[in-house]
Structures are given as C-alpha cells and as structure tokens.
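Letter by letter, the chains look like this.
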Amino acid sequence: MPIIKILPHPEYCPAGTEITAPSGTSICEALLDNKINIEHACDMSCACTTCHVIVREGFNSLNDLEETEEDLLDRAWGLEPNSRLSCQAFLATKDLVIEIPRYTINHAKENH
C-alpha cells in the first residue's frame, strides 16, 4: 500500500503525519479514512475546489487530470503546477508527499 506523507497543516494535521491507503483510493478518501478532515464541500463530486492539495512528491504516479478537474483547479487558492483535487487524484503504487493549502475559496466551512 502506498504511503501518503502529509506535511504539517495548522488545522487538519498540525504535526504532519504518514498514512497508508490501498491503490485506487482517492487522496481525499484516504485522508478522511484516517481522521484528517479535509474540506470536501461537494461530497467528492468534482464540483468545487475545497479538497485541493499540492502533490510535492509522486505527482506523476497519479491518474491523469480530466478536463473538469483542470477547469476547477483554475479557481483554487494557491494553485501550483502540481495541484490536484484530492477527490479526483487516485493512488497508484508510489508513495506521495502532499501539502494541504492553508486556505480554500470556500466562504462557509462545512463540518464533515
């Protein structure tokens, strides 16, 4: 199972951590399954950008971006070339290092 190293985030994961998840799992599902409650206002339907992450290592091992995700990412806060919507990025066999951006464009936080 691939390892996902999550860099420290002041709210979701203050000390940073490492988790594992089976190949084929989305990054968002892996985070939520491990009690890292990343925002996902659209319930992982690829309709918002609240689950945006930056993949610092392992980006090329993920599935390809589809047009809908690319269009949404244009609106994400802190967009970088290695940004993904975590609900659309599925694990393969390589380990990842991800960063959860400090902010989202969401005006009202969901409590999932």
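Residues numbered from 1 in each chain as written. Predicted model: local features only at pLDDT ≥ 70, side-chain atom pairs only at ≥ 80, totals over all residues. Heavy atoms only, no water.

## Topic: the sheet that holds strand 1 (residues 3-6)
The strand order across the open sheet formed by five strands is 2-1-5-3-4, and the pairing between neighbours is mixed. Unpaired on one side and paired on the other, strand 2 (17-20) and strand 4 (83-85) mark the two borders of the sheet. Averaged over all pairs of adjacent strands, the angle between their axes in this sheet comes to 35 degrees, without regard to strand direction. Taken together, the four bridges between strand 1 and strand 2 define a ladder with antiparallel strand orientation. (Pairing = 2+ DSSP bridges. Helix = DSSP H or I, 4+ residues; strand = E, 2+ residues; numbered from the N terminus. Axes fitted to C-alpha atoms, helices over the stretch in contact; angles between N-to-C directions.)

## Digging into the pattern of salt bridges
Applying the stated criterion across every chain yields a total of three salt bridges. Of the charged contacts, one joins Glu80 and Arg56 as a salt bridge, the two residues approaching to 2.7 Å between their closest N and O atoms. One end of the pair, Glu80, is in the loop between helix 2 (67-73) and strand 4; the other, Arg56, is in strand 3 (residues 52-57), with 24 residues separating them in the sequence. Across the salt bridge formed by Glu69 and Arg84, the nearest N and O atoms sit 2.8 Å from each other. Placement of the pair is Glu69 in helix 2 and Arg84 in strand 4, with a sequence separation of 15 residues. Like Arg84, Glu69 is buried. Salt bridges sharing partners connect three or more residues here, namely Arg56, Glu80 and Glu99. (Salt bridge = Lys/Arg side-chain N within 4 Å of Asp/Glu carboxyl O. Buried < 20%, exposed > 50% of the residue type's maximum accessible area, 1.4 Å probe, protein only.)

## Notes on the environment of Glu66
With respect to the helices and strands, the residue Glu66 is situated in the loop between strand 3 and helix 2. Along the primary structure Glu66 and Gln88 are separated by 22 residues, whereas in three dimensions their C-alpha atoms are 8.7 Å apart.

## Points about the confidence of the model for the chain
For the chain, per-residue confidence averages 92 on the pLDDT scale, and 93% of positions sit at 70 or higher. Across residues 107-112, where pLDDT falls below 50, the model places nine contacts with residues more than four positions away in sequence or in other chains. (pLDDT = per-residue confidence, 0-100. Contact = heavy atoms within 4.5 Å.)

## Some details on the nonpolar core
Nonpolar side chains in soluble globular proteins tend to be buried together. Ranked by size, the top nonpolar core spans 28 residues in total, and within it Ile6, Ile27, Leu31 and Ile98 carry the most contacts. Among the elements that take part in this core, helix 1 (residues 27-33) stands out by supplying five residues, more than any other. If we ignore the near neighbours within four places in the chain, the residues touching Ile6 are Cys13, Gly16, Thr17, Ile19, Leu31, Ile36, Ile98 and Ile100. (Core = buried A, V, L, I, M, F, W, Y, C linked by side-chain atoms within 4.5 Å.)

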